[in-house]
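# Structural features, examined
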Amino acid sequence: MQALFDYYRYNMEYFLIKLGEHMSIFALSWAMAIVVGLLIAIASTRPGRMKIGNALLTITGFSQAVPSIAVIALVFIFTGIGFRPAVLALFIYSLVPIVFNAASGLVSVSPGMKEAARGMGMTNGQILRKVELPASVPAILSGIRSAATINIGTTTIAAAIGAGGLGEIIFTGIRNFNFTIILAGAIPTAITAILVDVVLSVVEKRVTSKGLQLAEHWRE
Amino acid sequence: MAIELKKLRKVYGESTVAVDDVDLTFEDKKISILIGPSGCGKTTTLKMINRLIERTSGDIIIDGRSIDEIGVIELRRSIGYVIQEIGLFPHMTVFDNIAVVPRLLKWPEDKIKKRVMELLDLMNLDPDEHPYKYPVQLSGGQKQRVGVARGLAADPEILLMDEPFGAIDPINREKLQDAFIEIQEQINKTIVFVTHDIREAIKLGDNIAIFNEGKLVQYDETMTVINEPADDFVENLLGSDRGLRSMELVRVHDHYDTDFFALELTEKLTVGDALKEIEKTDRRYAYVLNEKKRLAGYVVRKKIEKANKSDPLKKHVKETESIHPSSSLLEAMSLMMTSGLSAVPVVDDRGRVRGVVRFSALMEMFGSVDLTGSD
Amino acid sequence: MEFLDYVTRNLDRIVSELLRHIHIIAIAVPISIGIGAPIGIAIANHKNLAKVVIYIASVMMTIPSLALFGVMVVLLAPFGAGLGIPPAVIALVVYSMLPIIRNVVVAIRAVDPEMIEAARGMGMTKAQVLFKVRLPLSVPIIMAGIRNAAVMGIAVTTIAYLVGARGLGYFIFSGLSRARLDMILVGAILVSAMGIGTNYGLMKLEQFLTPRGVRLERQENR
Ligand SMILES: Nc1ncnc2c1ncn2[C@@H]1O[C@H](COP(=O)(O)OP(=O)(O)OP(=O)(O)O)[C@@H](O)[C@H]1O
Ligand SMILES: [Mg+2]
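What you see is a predicted model, and the numbers here were worked out from it, not measured in a lab. The residue count restarts for each chain, going from 1 along the sequence in the order it is written. As they are written, the chains are lettered A onward and the ligands numbered 1 onward, keeping that order. Where totals are concerned, whole chains, interfaces and linings use all residues; where local detail is concerned, this predicted model gives features only for residues with pLDDT of at least 70, and gives and counts side-chain atom pairs only at 80 or more. To get the side-chain values, take all heavy atoms of the structure and skip hydrogens and water.

This part takes up the pairing of strand 13 (residues 295-300) of chain B. Residue and element names in this part refer to chain B. Pairing analysis gives five bridges linking strand 12 (residues 285-289) to strand 13, with the strands arranged antiparallel. Bridge pairing links Leu289 to Leu295 in strand 13. Strands are treated as partners if at least two bridges between them are detected by DSSP. Counting from the N terminus, the helices are the DSSP runs of H or I reaching at least four residues and the strands are the DSSP runs of E reaching at least two. Between strand 12 and strand 13, which follow one another and run antiparallel, lie five residues, and Lys293 among them has a positive phi close to 65 degrees.

Among the nonpolar cores identified, the biggest contains 74 residues, and Phe89, Ile98, Phe193 and Leu362 of chain B are the most heavily contacted of them. Start and end positions for the domains come from either an automated domain assignment or a database one. Built from parts of two domains, this core gets at least three residues from each of domain 1 (3-240) and domain 2 (253-366) of chain B. A contact between two residues is defined here by any heavy atoms of the two lying within 4.5 Å. Non-local contacts of Ile98 of chain B, meaning those with residues more than four positions away in its chain, are made with Val116, Leu119, Leu120, Val146, Ala149, Arg150 and Ala153 of chain B. Working definition of a nonpolar core: buried Ala, Val, Leu, Ile, Met, Phe, Trp, Tyr and Cys residues. They are joined through side-chain atoms within 4.5 Å. Partly exposed residues are those whose accessible area sits between 20% and 50% of the maximum for their type, while under 20% is buried and over 50% is exposed, using a 1.4 Å probe and protein chains only. Val66, Ala158, Phe171 and Ile174 of chain A belong to the second-largest nonpolar core, a separate cluster that totals 71 residues.

Pairing of aromatic rings covers Phe, Tyr and Trp, the last counted by its six-membered ring, and requires centre-to-centre distances within 6.5 Å; plane angles under 30 degrees mean stacked, over 60 mean edge-to-face, and any other angle means tilted. In total, this model carries 15 aromatic pairs over all chains according to the counting rule given. Relative to Tyr200 of chain C, the ring of Phe62 of chain A has its centre 5.9 Å away and its plane inclined at 40 degrees; by these criteria the two rings are tilted. Taken together, the residues span two chains, with Phe62 of chain A in helix 2 (residues 50-63) and Tyr200 of chain C in helix 9 (residues 181-209). Exposure remark for Phe62 of chain A: the relative accessible area of 24% places this residue in the partly exposed category. Taking the centre distance of 6.0 Å and the plane angle of 65 degrees together, the rings of Tyr161 of chain C and Tyr170 of chain C count as edge-to-face. The partly exposed category is assigned to Tyr161 of chain C, whose relative accessible area is 23%. Here the aromatic cluster, defined as three or more aromatic residues joined through ring pairs, consists of Phe171 of chain A together with Tyr161, Tyr170, Phe171 and Phe173 of chain C. The rule is short: NZ of Lys or CZ of Arg within 6 Å of the ring centre and within 35 degrees of the ring normal puts a charge over the ring. Looking at Arg9 of chain A, its charged tip hangs above the ring of Tyr10 of chain A, at a distance of 5.9 Å from the centre. A cation over an aromatic ring shows up here: Lys111 of chain B above the ring of Trp107 of chain B, its NZ or CZ 4.0 Å from the ring centre.

We note that Asp155 of chain B has phi near 55 degrees; this positive angle belongs to a residue other than glycine. Within the secondary structure, Asp155 of chain B is located in the loop between helix 6 (140-152) and strand 7 (158-162).

Let us now look at the interface of chain C and chain A. When the parts of a complex come together, some accessible area is lost, and that lost area is often taken as the interface size. At the junction of the two partners, chain C supplies 38 residues and chain A supplies 35 residues. Reported buried area values correspond to the accessible surface (1.4 Å probe) lost by two parts on association, with both partners' losses combined. Taken over both partners, the interface formed by chain C and chain A buries close to 3,000 Å², and the fraction arising from carbon and sulfur atoms is 87%. Per-residue buried area on chain C facing chain A is highest for Thr62, Leu66 and Leu176 of chain C; these three make up 19% of the total on that side. What counts as a salt bridge is simple: a side-chain nitrogen of Lys or Arg found within 4 Å of a carboxyl oxygen of Asp or Glu. Counting every contact that joins chain C to chain A gives zero salt bridges. Here a polar contact means two N or O atoms within 3.5 Å. Within protein one must be a hydrogen donor candidate and the other an acceptor candidate, and residues neighboring in sequence count only if both atoms are side-chain atoms. Seen at the junction of chain C and chain A, the total is zero residue pairs in polar contact (both at pLDDT 80 or more).

Time to look at the layout of surface pockets. Residue and element names in this part refer to chain B. With a 1 Å grid laid over protein atoms only, a set of points is called a cavity when a 1.4 Å probe fits there but cannot get out and a pocket when it is open yet has protein on both sides within 12 Å along at least five of seven lines; lining residues have an atom within 4 Å of a point. Grid points are joined across faces, edges and corners, and a volume is the space filled by probe spheres set on the points. The volume enclosed by the second largest pocket comes to roughly 450 Å³. Counting residues per element, the ones that place at least two in the lining of the second largest pocket are helix 7 (170-187), helix 8 (198-204) and helix 9 (222-227). Residues are sorted three ways: Asp, Glu, Lys and Arg are charged, Ala, Val, Leu, Ile, Met, Phe, Trp, Tyr, Cys and Pro are nonpolar, and all the rest, Gly among them, are polar. Here the residues of the lining of the second largest pocket are counted per class, giving seven nonpolar, seven polar and ten charged. Looking at the lining of the second largest pocket, you find at least three residues from each of domain 1 (3-240) and domain 2 (253-366).

Turning our attention to helix 3 (residues 68-79) of chain A. Helices are assigned an expected span. That span is 1.5 Å times one less than the residue count. End to end, helix 3 of chain A covers 16 Å across twelve residues, agreeing with the expected 16 Å (1.5 Å per residue, within 8%). Turning to helix 3 of chain A, its buried residues number three or more, namely Ser68, Ile69, Ala70, Val71, Ile72, Ala73, Val75, Phe76 and Ile77 of chain A. Against the buried residues of helix 3 of chain A lie helix 4 (83-107) and helix 6 (124-157) of chain A together with helix 7 (126-160), helix 8 (169-178) and helix 9 of chain C. Looking one or two residues past helix 3 of chain A, Gly80 of chain A carries a phi angle of roughly 85 degrees, positive in sign.

Here we take up a nonpolar patch on the surface. All names here are of chain A. On the surface, Val35, Val36, Leu39 and Ile40 cluster together into a nonpolar patch covering about 320 Å² of accessible area. Among the structural elements, Leu39 can be located in helix 1 (residues 2-43). For Leu39, a relative accessible area of 56% gives the class exposed. Patches were defined on residues exceeding 30% relative accessible area and lacking a salt bridge, with like-charge contacts within 9 Å and nonpolar side-chain contacts (Val, Leu, Ile, Met, Phe, Trp, Tyr) within 5 Å. Areas reported as accessible are Shrake-Rupley estimates using a 1.4 Å probe. Residue values count occlusion only from the protein chains shown.

Glancing now at the pairing of strand 14 (residues 343-347) of chain B. Residues and elements named next belong to chain B. Counting buried residues in strand 14 gives five out of five residues, a clear majority hidden from the surface. Neither face of strand 14 is open: one carries Ala343, Pro345 and Val347, the other Val344 and Val346, and all of them are buried. In this structure, strand 14 lies alongside strand 15 (residues 353-358), joined through five bridges in antiparallel fashion. If you follow Pro345 over to strand 15, its bridge partner there is Val356.

Moving on, we get to the site of ligand 1. All names here are of chain B. In the neighbourhood of ligand 1, the contacting residues comprise Tyr12, Ala18, Ser38, Gly39, Cys40, Gly41, Lys42, Thr43, Thr44 and Glu163. Note that an oxygen atom of ligand 1 is positioned 2.6 Å from one of the side-chain N or O atoms of Thr43. Summarising the interface, the protein chains cover 57% of the accessible area of ligand 1, which totals 640 Å² for the free molecule. Ranked by the residues each element gives to the shell around ligand 1, the list is headed by helix 1 (residues 42-49), at three residues. One heavy atom within 4 Å of a molecule or strand makes the whole residue count as near it.

Our focus in this paragraph is empty space enclosed by the protein. Residue and element names in this part refer to chain B. For the structure on display, the rule yields three cavities of 30 Å³ or more. By volume, the largest cavity amounts to about 70 Å³. Taken together, eleven residues line the largest cavity, and the ones lying closest to its centre are Ile83, Gln84, Gly87, Gly147 and Arg150. Elements represented by at least two residues in the lining of the largest cavity include exactly strand 6 (79-82) and helix 6.

Let us now look at helix 7 of chain C. Residues and elements named next belong to chain C. With 35 residues, helix 7 should cover 51 Å at 1.5 Å per step; its first-to-last C-alpha distance of 41 Å lies more than 12% under that length. The largest bend in helix 7 amounts to roughly 60 degrees and is located at Val139, with the proline Pro140 lying one to four residues further along. Burial analysis of helix 7 places 25 of its 35 residues in the buried class, the great majority of the element. To get the bend at a residue, fit one axis to the 7 residues ending there and another to the 7 starting there, then take the angle between the axes.

Encoded structure:
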């Protein structure tokens, strides 16, 4: 315990830098993945393009079984080491759950509902904004949330390609078989991951229509 | 607004003729039913009206204008559209669901609120409780009422309904149908209603259009369809006990006679005065209304001819049974049987006499119905 | 070219690390099924308990695997087991238990109560209800949990190389530290193929194990 405090006391600056790196890799890649992922999911599920949407679902469905480290490794092969390759790798890796969940949400909006909307005189844009997206919010958010969890976990591994972040501390600890350093990296990593997830679960609750939450309960 | 279909035709792909040169006119302010076996083109016909499906050829004229002259979005916003309950938006409250079209039309929010409350009232949904519920919290019947309310929200002249009560259990379906008849009495819309339930068709329809394999087989007033089926197909559709069954389903509402004679009762009115009035008409009896124009009873001419002419008429008024416009003709018939009357007055909610149902007219309508029945 | 060269020259090593990788998963996943499924069955009928357990498990899941390995190393070191297979297996069990517990609970709760009542009405005992009604009907969801656990296990085992458990992580991590692209590629391709293949295989198995009636009903609902 004492050793742990000492570690932070003597390495505060280093620790804060690593924490900063960690959060910026995570936040940058995650934010990019949300924007790009949603655009891809929306574009591939427009009327008449459902085939593309379904194909994308199959592809992303299978890609979810690829371990994150494999993606990091492949990105390394093409772009080398450092912060940017890490962000790129994490961006690609977080795209998968976001696109998968958003597209499956959008694809499964009931045709009856969309037809009712069209029959009432909504334009395609209005159907997207007022019906498809709100009805897919739970799926979209769960994709975004699971991308965050995966992403923040994978960020630690990205230290292996010289991206820095809290993973670097754990790696140092493991390499030197130094328990204090391992814990000094592992504990804050776990805490940030849990915190991010808790915050997102709160956001999820607030953003999801009460009608959909109730519908979820009904099914239980 | 009447809707005219002119040589309306829809071909899917190369050769599936879903709707085959249909000519017919849905009359203004009437409920017109589209019925026929699965796949006969009912839904296709309906959806061509709001252009959810584009027709292959022919034309659809609303209020003298081809629907092509109206922008498709504008057209749809001006026509109510109700489908089975799947069409409600689960992420919106009942209020927001109903308010969809008014909001698309950019109505001011206070007008929307007023309209939604009005509709909830019309649909018999509690305006204190229901607007803030979500679709999952409603029963099937309530959802369907919300669906109808949503279709009516922007007060369209035309309402298209595709098997709106199809997913509801039989008992609640009956209730919804009864409610729907009363609602139509108040709102008087031009309604095109798809169903595959012949009971529903007879009960709700002013006119019935029968389709088979994309072709219009018969289009007539409901009673005409029952009495003069165009061919074996229609006859089969109606079923064997159609006489009795349709009597049970057809409402008094469309079939009473407004030609009757009534006297207004005052304290001073004597038998002599009354007789003078009746003799002008050669009727055998007269209804008697009280000061508030409510039905008080009736007097029989032969009976009062024998009475003292200076008697107040009041002494000779006999009470009578009456029937509500939304009762079925079968109820009217049994009332005649049990009371021995040859005619029953039709009295509405407000106590006004709207007309009479006569036994002779029923006999004419149903011809050879065997009233001893099969059960 | 360089890549193929590497593969042919190191075929023995590739096969042995692959087997090692499978070995770790083959120990851990059955353990977590063995622990997770009974827990799931036991808590499924206590709504609040189920909620708490699932919540705790899902919090554990959010902990990055590297951090968990780090903690394992520290905790197991006093028993002389801080490196090698033990931390790998334990971390893996911890991770893969969540999808199993969660899916078992969800699956059992999803069975229509009327059906249970019908079964009891026919005179089935509690155990018979479980084995003849609840579990067969739950196959698709439970199998999905196992599939989830196995796929995750493949990824986590790759990281386990760092705590001395070896396995396919060797090619990636040593490749990265030596900047040997051919090694990295071997590792990346193998773990990806293994992940996708396992996912696909278990999906097929899931379809095969699902009672035909349930399968038809699911298709119908789509
Ligand atoms: N999008 C489509 N593409 C090809 N054929 C279609 C399409 N929609 C309908 N059809 C065909 O057109 C015919 C009429 O279909 P329609 O949906 O109008 O029938 P319906 O009378 O409403 O039947 P139901 O009572 O089952 O609802 C059917 O043979 C149907 O298979
Ligand atoms: Mg139809």
